[in-house]
Amino acid sequence: MMRTDRNLLHNRQAEAGEHCDALGPLFDPTTFRYLEGFGIGPGWRCWEVGAGGTSVVSWLAKKVGPTGKVVATDLDTSRLAPAARPPVEVRVHDVGVEEPPGEEFDLVHARVVLSHVPDSERALRSMIKALRPGGRLLVEDADPLLQPQLCPDEYGPEQQLANRLRDGVRAHLAERGADLSFGRRLPRLLRAAGLRRVVADVHYPVSSPACAALESATVREIRDQLVTAGIATDRDIDRHLANITADGMDISATPMISAWGRKA
């Protein structure tokens with residue numbers, strides 16, 4: 001993930017690693033299904049934007065093989081070190097302000113990146129600029145306002161606390177300038193940027209161990225900020241984390257919208 005003032009999550013914190021690890025089981029299968037549909041194979045040149053972790057990068061590397069290339073970029077590349085061998089090239093890069101790390105890519109992919117970049121439209125133009133004619137762009141981003149509750153089935157005090165905390169986190173993100181309805185605008189933005197054959201879909205995990213792991217890592221990572229902002233007390237957070245550990249709640253993930261198109 002990219003780090004900006006709009007993002008509460010910091011890549012260097014231990015919980016950020018847990019956050020990335022939880023995102024993989026939740027969303028990798030969907031991402032890989034879309035990429036498979038593009039026909040990705042040996043020799044492809046790919047740019048993974050705001051890579052954060054290694055799951056997508058490693059999958060791409062296997063697909064493109066020794067004749068291909070995967071450029072993995074982020075502001076913090078510390079978690080990308082295990083994947084930094086051919087055909088993977090790791091670079092420190094800010095997609096919001098820098099020129100793309102090369103051009104003529106067959107595929108550019110970003111997941112949970114652009115909603116945290118202040119000038120997201122500039123970043124999008126940079127990603128499209130990097131594509132060869134006929135190249136594919138896949139952008140995936142969360143849309144917290146599409147389904148704002150952590151526990152859609154709010155039947156008890158545990159679920160009520162979880163939803164209250166989620167409301168507070170969402171409000172805090174909005175105050176910091178995060179675009180909480182960015183995901184739903186992706187199809188329009190891709191068309192406006194000149195991509196053709198734009199398609200979009202949404203993946204919404206309702207309950208799984210990975211959903212619980214993601215929520216636990218997120219809350220522990222931003223705990224101090226939640227308390228400082230008056231969103232929750234330490235006691236509230238301890239109780240919420242204990243409820244998650246007890247495995248008695250159906251915890252959902254924020255809907256992830258995937259949009260893709262082809263460069264003319």
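Residues numbered from 1 in each chain as written. Predicted model: local features only at pLDDT ≥ 70, side-chain atom pairs only at ≥ 80, totals over all residues. Heavy atoms only, no water.

## Details of the overall build of the chain
Okay, so step 1: Helix and strand content of the chain: eight helices and seven strands.
Okay, so step 2: Taken over C-alpha atoms, the radius of gyration comes to 18 Å for the chain, in line with the 18 Å a tight globule of 264 residues would show.
Okay, so step 3: Principal-axis analysis of the C-alpha atoms gives the chain an extent of 55 × 35 × 30 Å.
Okay, so step 4: Buried residues in the chain amount to 58% of all 264 residues.
Okay, so step 5: Restricting to contacts in the chain with at least 6 residues of sequence separation, those with at least 24 account for 75%.
Okay, so step 6: Per element, the accessible surface of the chain, about 11400 Å² overall, is 50% carbon and sulfur.
Okay, so step 7: Each charge class in the chain was averaged separately, 33 positive and 36 negative side chains, and the resulting centres sit 7 Å apart. (Helix = DSSP H or I, 4+ residues; strand = E, 2+ residues; numbered from the N terminus. Rg over C-alpha atoms; globule rule 2.2 N^0.38 Å. Buried < 20%, exposed > 50% of the residue type's maximum accessible area, 1.4 Å probe, protein only. Contact = heavy atoms within 4.5 Å. Areas by Shrake-Rupley, 256 points an atom, 1.4 Å probe, with all protein chains shown as cover. Lys, Arg positive; Asp, Glu negative; His and termini not counted. Charge placed at Lys NZ, Arg CZ, Asp CG, Glu CD.)

## Brief notes about the pairing of strand β2 (residues 69–74)
Okay, so step 1: Counting buried positions over the six residues of β2 gives five, a clear majority of the element.
Okay, so step 2: In the classification by handedness, the crossover that spans strand β1 (residues 45–49), the intervening helix α2 (residues 55–64) and the parallel β2 is right-handed.
Okay, so step 3: Two strands pair when backbone bridges link them, and β2 and strand β3 (residues 88–92) are joined in this way by five bridges, in the parallel orientation. Its bridge partner being in β3, V71 is matched across the sheet by E89. (Right-handed = clockwise from strand over helix to strand, strands pointing away. Pairing = 2+ DSSP bridges.)

## Remarks on the pattern of salt bridges
Okay, so step 1: Applying the stated criterion across every chain, the model contains 15 salt bridges.
Okay, so step 2: The residue R91 makes a salt bridge to E89 at a minimum N-O spacing of 2.4 Å.
Okay, so step 3: Here D238 ties to R223 by a salt bridge, and the two come within 2.7 Å at their closest N and O atoms. Within this pair, whereas D238 is found in helix α8 (residues 234–245), its partner R223 is found in helix α7 (residues 223–228), the two being separated by 15 residues in sequence.
Okay, so step 4: Where salt bridges share partners, they join K69, E89 and R91 into one cluster. (Salt bridge = Lys/Arg side-chain N within 4 Å of Asp/Glu carboxyl O.)

## Observations concerning the pairing of β1
A regular strand carries its side chains on alternate faces of the sheet.
Okay, so step 1: Counting buried residues in β1 gives four out of five residues, a clear majority hidden from the surface.
Okay, so step 2: Direction of pairing for β1 relative to β2: parallel, over a ladder of five bridges. Each bridged residue has a counterpart across the sheet, and for W47 the counterpart in β2 is V71.

## Examining the nonpolar core
Okay, so step 1: One finds L26, F27, L226, I237, I244, M249 and I251 to be the most contacted residues of the largest nonpolar core, which totals 30 residues.
Okay, so step 2: Of all the elements in the fold, those that place two or more residues in this core are α1 (14–37), α4 (157–175), α6 (209–221) and α8.
Okay, so step 3: Those residues in contact with I244 that sit more than four places away from it in its chain are A212, E215, S216, M249 and I251.
Okay, so step 4: Core analysis: the next-biggest nonpolar cluster, separate from the first, contains 25 residues, W47, V95, L114 and A123 among them. (Core = buried A, V, L, I, M, F, W, Y, C linked by side-chain atoms within 4.5 Å.)

## A look at the packing of aromatic side chains
Okay, so step 1: As enumerated under the stated definition, the model contains four aromatic pairs in all.
Okay, so step 2: Plain terms: the ring middles of F38 and W260 are 6.4 Å apart, the flat faces sit at 55° to each other, and that makes the pair tilted. Of this pair, F38 sits in the loop between α1 and β1 while W260 sits in strand β7 (residues 256–262), and the two are 222 residues apart along the sequence. Pair check on accessibility: F38 and W260 agree, each one buried.
Okay, so step 3: Of the aromatic side chains, those joined through ring pairs into one cluster are Y34, F38 and W260. (Phe/Tyr/Trp six-rings, centres within 6.5 Å; stacked < 30°, edge-to-face > 60°.)

## Looking at unusual backbone geometry
Okay, so step 1: In this chain, P86 is followed by P87 through a cis amide linkage whose omega measures 10°.
Okay, so step 2: Turning to its location among the elements, P87 is positioned in the loop between β2 and β3.
Okay, so step 3: In this structure, R197 is a non-glycine residue whose phi angle is positive, near 55°.
Okay, so step 4: Relative to the elements of secondary structure, R197 occurs in strand β6 (residues 196–203).
Okay, so step 5: Under the relative-accessibility criterion, R197 is labelled exposed at 66%.
Okay, so step 6: Positive phi outside glycine occurs at D247, with the angle close to 60°.
Okay, so step 7: Relative to the assigned elements, D247 resides in the loop between α8 and β7.

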